[in-house]
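Given next are the chains, with one letter for each unit.
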Number of protein chains: 2
Amino acid sequence: MRKRVNALAEQLLETLEQQGYRSTSPRRAVAQVIANQDKHFTAENLREQLPSLGRATIFRSLKLFVETGVLCRVLLEDGDLHYQLSHRGHHHHLLCVECGSSQDLLGCDIEELLQQTSASHGFELSGHWLEVYGRCRSCSKSESSAELAAV
Amino acid sequence: MRKRVNALAEQLLETLEQQGYRSTSPRRAVAQVIANQDKHFTAENLREQLPSLGRATIFRSLKLFVETGVLCRVLLEDGDLHYQLSHRGHHHHLLCVECGSSQDLLGCDIEELLQQTSASHGFELSGHWLEVYGRCRSCSKSESSAELAAV
DNA sequence: ATCATAAAAGATACCTGGTCTCATTAAGAG
DNA sequence: CTCTTAATGAGACCAGGTATCTTTTATGAT
Ligand SMILES: [Mn+2]
Ligand SMILES: [Mn+2]
Ligand SMILES: [Zn+2]
Ligand SMILES: [Zn+2]
């Protein structure tokens, strides 16, 4: 599994290089860490794991990885902004309000619905932002077991 | 028109009172100002218009008006958070990226679509956040005229 | 009308997440 | 290997918002 992670980290760097950015050692370190992350994380989380990097560098590389499509931003229900490895291209997230896990919603089937609704308001659609909140499978499962136990 | 605004402002305050909050003079001032606003605005805008109020009071009353359903938050495409008089109940916004105007989208017809999609991922939907970006009727009109003119 | 009490205000310190500046370092193309 | 330019790190700064504490004020009970 370690090997896989390194492979992923290298892939992320390649994406940068392909877009003309240098592969510096801070960026390699950041790529390592985000490849290891299995949940969405904050800039602060990243900083804790890379205390030797300058703070500005952390923010700069986050921004860069977002711009190059490696990371995406995730808006939590409480308004907090997190980052997460991105499936390239437009997609949305199912965010579990219980355990904080997130699942990607790949096909964006609301686009055409939105298109219609917008048009009917004389509005020329150019984009949208959607986050979906709820309970993931395992959390709703354990909640129902808890309910049973409580009876 | 001034009379109407006052009527609106009073309505906003009544909403607070009905929910057990006191009608204080800072809150009356804030209600006046937000009733006068015809676009979404920031905490800072509010502060400029009410320089005599304490900064914390501005933020506290914004929060309160949001909680009581008088204001809603609007997430701009660049990530900025604005406030705006709210239609009560769940709704979304059509935000013009050109002129910054916003239009409410009242019927939330994506709910059932989302419900299905979530269910198919084993996800128990509890809420969502959606903002729609594009060009409003008058902006797309003037853009097409500009195009014609440029030929 | 007065009073007691709890809520709210205001000043101000603090916090989080992020940008700017500027001097220094290091990729990487030639 | 050298040169150029991008990138880094330190640190000041900024925006938006919260916490703490003391003083003020709205409101319900007398
Ligand atoms: Mn994503
Ligand atoms: Mn709204
Ligand atoms: Zn969960
Ligand atoms: Zn417009």
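Residues numbered from 1 in each chain as written. Chains lettered and ligands numbered in written order. Predicted model: local features only at pLDDT ≥ 70, side-chain atom pairs only at ≥ 80, totals over all residues. Heavy atoms only, no water.

Student: Could you give me a rundown of the pairing of strand β3 (residues 92-96) of chain A, with the residues and numbers involved?
Tutor: All names here are of chain A. Burial within β3 is extensive, with 5 of its 5 residues counted as buried. Of the two faces of β3, the one holding His92, Leu94 and Cys96 and the one holding His93 and Leu95 are both buried throughout. As paired elements, β3 and strand β4 (residues 102-105) share 4 bridges and run antiparallel to each other. In the strand pairing of β4, Leu95 is matched with Ser102. Connecting β3 to the next strand, β4, in antiparallel fashion are 5 residues, including Gly100 with a positive phi near 80 degrees. (Buried < 20%, exposed > 50% of the residue type's maximum accessible area, 1.4 Å probe, protein only. Helix = DSSP H or I, 4+ residues; strand = E, 2+ residues; numbered from the N terminus. Pairing = 2+ DSSP bridges.)

Student: So, the interface of chain A and chain B: which residues are in play, and what are the values?
Tutor: Many descriptions give the size of an interface as the accessible area lost when the pieces come together. Listed per partner, the contact involves 31 residues of chain A and 31 residues of chain B. Our enumeration of links across chain A and chain B arrives at 2 salt bridges. With a shortest N-O distance of 4.0 Å, Glu124(A) and Arg135(B) are connected by a salt bridge. Between chain A and chain B we count 10 residue pairs in polar contact (both at pLDDT 80 or more) in total. (Contact = heavy atoms within 4.5 Å. Salt bridge = Lys/Arg side-chain N within 4 Å of Asp/Glu carboxyl O. Polar contact = N/O pair within 3.5 Å; in protein donor to acceptor, adjacent residues only side chain to side chain.)

Student: Can you break down the coordination of the zinc ion (ligand 4) residue by residue, with the values?
Tutor: Residue and element names in this part refer to chain B. Those protein atoms acting as donors to the zinc ion (ligand 4) are Cys96 (SG), Cys99 (SG), Cys136 (SG) and Cys139 (SG), and they sit at 2.2 to 2.4 Å. For the zinc ion (ligand 4), the 4 donor atoms in the first shell make angles of 102 to 118 degrees at the metal, a pattern classed as tetrahedral. The sequence pattern describing where the donors of the zinc ion (ligand 4) fall on their chain is C-x2-C-x36-C-x2-C. Taking relative accessible area as the criterion, Cys96 reaches 4% and is therefore assigned buried. The class of Cys99 is partly exposed, set by a relative accessible area of 31%. (Donors = N, O, S within 2.8 Å, 3.2 Å for Na, K, Ca; no water. Tetrahedral: all angles 85-135°; square planar, octahedral: opposite > 155°, others 65-115°.)

Student: Quick rundown of the relation of the copies chain A and chain B? Include the residues and the values.
Tutor: If you rotate chain A by 180 degrees and push it 0.0 Å along the axis, it lands on chain B with an RMSD of 0.1 Å. Accordingly, the operation relating the two chain copies is best matched by a two-fold axis. Of the C-alpha atoms belonging to chain A, the one lying closest to the rotation axis is found on Leu130(A), 2.2 Å away. Both copies share a contact surface, since 100% of the interface residues of chain A are interface residues in chain B too. (Least-squares fit on C-alpha atoms with pLDDT ≥ 70 in both.)

Student: Just give me the short version of the domain arrangement of chain A, but keep the residues and values in it.
Tutor: Residues and elements named next belong to chain A. The assigned domain composition of chain A is domain 1 (1-89) and domain 2 (91-151). Contacts between the two partners involve 12 residues from domain 1 and, on the opposite side, 13 residues from domain 2. Together domain 1 and domain 2 conceal approximately 1000 Å² of surface at their shared face, both sides included; 52% is due to carbon and sulfur atoms. Our count for the contact surface shared by domain 1 and domain 2 stands at 0 salt bridges. Joining domain 1 to domain 2, the criterion identifies 9 residue pairs in polar contact (both at pLDDT 80 or more). At 4 residues, strand β1 (residues 71-75) tops the list of elements feeding residues into the side of domain 1 that touches domain 2. Among the residues forming the side of domain 1 that touches domain 2, the class breakdown is 4 nonpolar, 5 polar and 3 charged. (Domains from an automatic or database assignment. Buried area = accessible area lost by both parts, 1.4 Å probe. Nonpolar A, V, L, I, M, F, W, Y, C, P; charged D, E, K, R; others polar.)

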